[in-house]
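# Chain and residue survey
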Amino acid sequence: MQTLREAIETARAKGIAIGHFNVSDSNQFNAVVAAGVATTLPVIIGVSEGERKWIGVRNAVALAAAARAEGHQVYLNADHTYSFDGIKEAVDAGFDSVIFDGSHLSMEENSAQTRAAVEYARAVGNGTLVEGEIGRIGTSSKLLDVPPEDMDKNLTTAEEAATFVKETGVDLLAPAVGTMHGRLKSGTEPKIDIGRIKLLREAAGIPLVLHGGSGSSDADLAAAGKAGCVIIHINTDIRIAYRKGIEAALTANADEIAPYKFLAQGTQAVREITEKYLKLFAGQ
Ligand SMILES: [Zn+2]
């Protein structure tokens, strides 16, 4: 099976993006794997610090190993990690990639801490890729009343991207290009700055990652992939699908107590929305 680095190269050569989907439990995990199998496309499964705490770091690695043993192209990412200990734990456990998120720090401090994460991953030698993050994307995967503060004033510049990559040696870069984490309740779509993605891809010299894909238009997401975002993150929409599916199942049959029955509808909903996004990112 291809390493994540190779899978990214393949996607770049084809001009498509790989879908990254966050999960909190094994049902969602299996649903994302099933979507990858159905579309014959690779999937990256992300677990943030909160999601990792719930599902378990070793459990997540074991689930990915089980899927791979069946021949499925599944990669595991330690999403938004705020401490060196968190990076260390994920690298040691054998994650395919980790994200050190120092975007709330000063550029100097972010660079220094991201550099430490890169050095650690290289020293361990598991091949774990390291992603860095600059600019403001927000930190939530919830339904929001208003956009995060200062969103549009903090889009990443070409100079920031070039300097950050040079100073840290990261493999992947998550810049701020107009998307946000979470989704607005009003349904207002964020506008992705496609021109900026092209500029940053050029300046950074490494593949970009688009965070906060939920809530953007399909056209914007497809264009972002073509412009240089080789990985696109979807979290909030996965959570909404799961919750709504389970709710519908329990509403339809209030006396149901078998978890594998009332959870099935949520799992199916996650699989369907994942397939939709995978096909969109692959230009199908
Ligand atoms: Zn993110």
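Everything here concerns the structure above.
Read on for a plain summary of the structure. All values reported here derive from a predicted model rather than from experimental measurement.

Applying the stated rule across the entire model yields 12 salt bridges. Here D218 and K276 are joined by a salt bridge, their closest N and O atoms 3.6 Å apart. Within this pair, whereas D218 is found in helix 9 (residues 218-227), its partner K276 is found in helix 12 (residues 264-281), the two being separated by 58 residues in sequence. When the shortest N-O distance is used, the salt bridge between E275 and R271 registers 3.0 Å. Taken together, the positions of E275 and R271, both in helix 12 and four residues apart, correspond to about one turn of that helix. Since its relative accessible area comes to 30%, R271 is described here as partly exposed. A network of salt bridges, in which partner residues are shared, links R5, R122 and D171.

As a further point, take the coordination of the zinc ion. Binding of the zinc ion to the protein goes through H80 (NE2), H181 (NE2) and H211 (ND1), at separations of 2.0 to 2.1 Å. Written as a sequence motif, the donor arrangement for the zinc ion is H-x100-H-x29-H. Taken as a pair, H80 in strand 3 (residues 74-81) and H181 in the loop between strand 7 (172-174) and strand 8 (183-184) lie far apart in primary sequence, 101 residues in all. Exposure class is identical for H80 and H181. Each is buried.

All right, on to empty space enclosed by the protein then. According to the stated counting rule, one finds two cavities of 30 Å³ or more in the structure shown. Computed from the structure, the largest cavity encloses a volume of approximately 60 Å³. Taken together, M180, G182, R183, L184, G187, T188, P190, S214 and G215 make up the lining of the largest cavity. Each residue belonging to the lining of the largest cavity can be placed in one class, and the counts come to three nonpolar, five polar and one charged. For the second largest cavity, the calculated volume is near 30 Å³. Lining the second largest cavity, in full, are L4, H20, I44, N77, S97, E131, I231 and H233. Within the lining of the second largest cavity, the residues separate by chemical class into three nonpolar, four polar and one charged.

Moving on, we get to the pairing of strand 2 (residues 43-47). In terms of burial, strand 2 is largely enclosed, as five of its five residues are buried. Burial of strand 2 is two-sided: the residues V43, I45 and V47 facing one way and the residues I44 and G46 facing the other way are all buried. At this point the chain moves from strand 1 (residues 18-22), through helix 2 (residues 26-39), to the parallel strand 2, and the crossover so formed is right-handed. Bridge count for strand 2 against strand 3 is five bridges, and the pairing is parallel. Residue pairing across strands places G46 opposite N77, the latter belonging to strand 3.

Relative to each other, helix 2 and helix 4 (residues 57-69) sit at 30°, their axes nearing to 11 Å. One finds that helix 2 runs roughly parallel with respect to helix 4. Viewed along their axes, helix 2 and helix 4 form a crossing whose handedness is right-handed. Taken together, the residues of helix 4 that come into contact with helix 2 (itself represented by S26, F29 and V33) are A60, L63, A64 and A67.

Now for the packing of aromatic side chains. Given two aromatic rings, their pairing is described by the distance between the two centres and the angle made by the two planes. Here the structure, examined in full by the defined rule, presents two aromatic pairs. The residue whose ring lies beneath K276 is Y277, and the NZ or CZ to ring-centre distance is 4.4 Å.

Rules used throughout
Residues numbered from 1 in each chain as written. Predicted model: local features only at pLDDT ≥ 70, side-chain atom pairs only at ≥ 80, totals over all residues. Heavy atoms only, no water. Salt bridge = Lys/Arg side-chain N within 4 Å of Asp/Glu carboxyl O. Helix = DSSP H or I, 4+ residues; strand = E, 2+ residues; numbered from the N terminus. Buried < 20%, exposed > 50% of the residue type's maximum accessible area, 1.4 Å probe, protein only. Donors = N, O, S within 2.8 Å, 3.2 Å for Na, K, Ca; no water. 1 Å grid on protein atoms, 1.4 Å probe; cavity = no way out; pocket = protein on both sides within 12 Å on 5 of 7 lines; lining within 4 Å. Points joined across faces, edges and corners; volume = space filled by probe spheres on them. Nonpolar A, V, L, I, M, F, W, Y, C, P; charged D, E, K, R; others polar. Right-handed = clockwise from strand over helix to strand, strands pointing away. Pairing = 2+ DSSP bridges. Axes fitted to C-alpha atoms, helices over the stretch in contact; angles between N-to-C directions. Parallel < 35°, antiparallel > 145°, perpendicular 65-115°, else oblique. Left-handed = near helix turned anticlockwise from the far one by under 90°. Contact = heavy atoms within 4.5 Å. Phe/Tyr/Trp six-rings, centres within 6.5 Å; stacked < 30°, edge-to-face > 60°. Lys NZ or Arg CZ within 6 Å of the ring centre and 35° of its normal.

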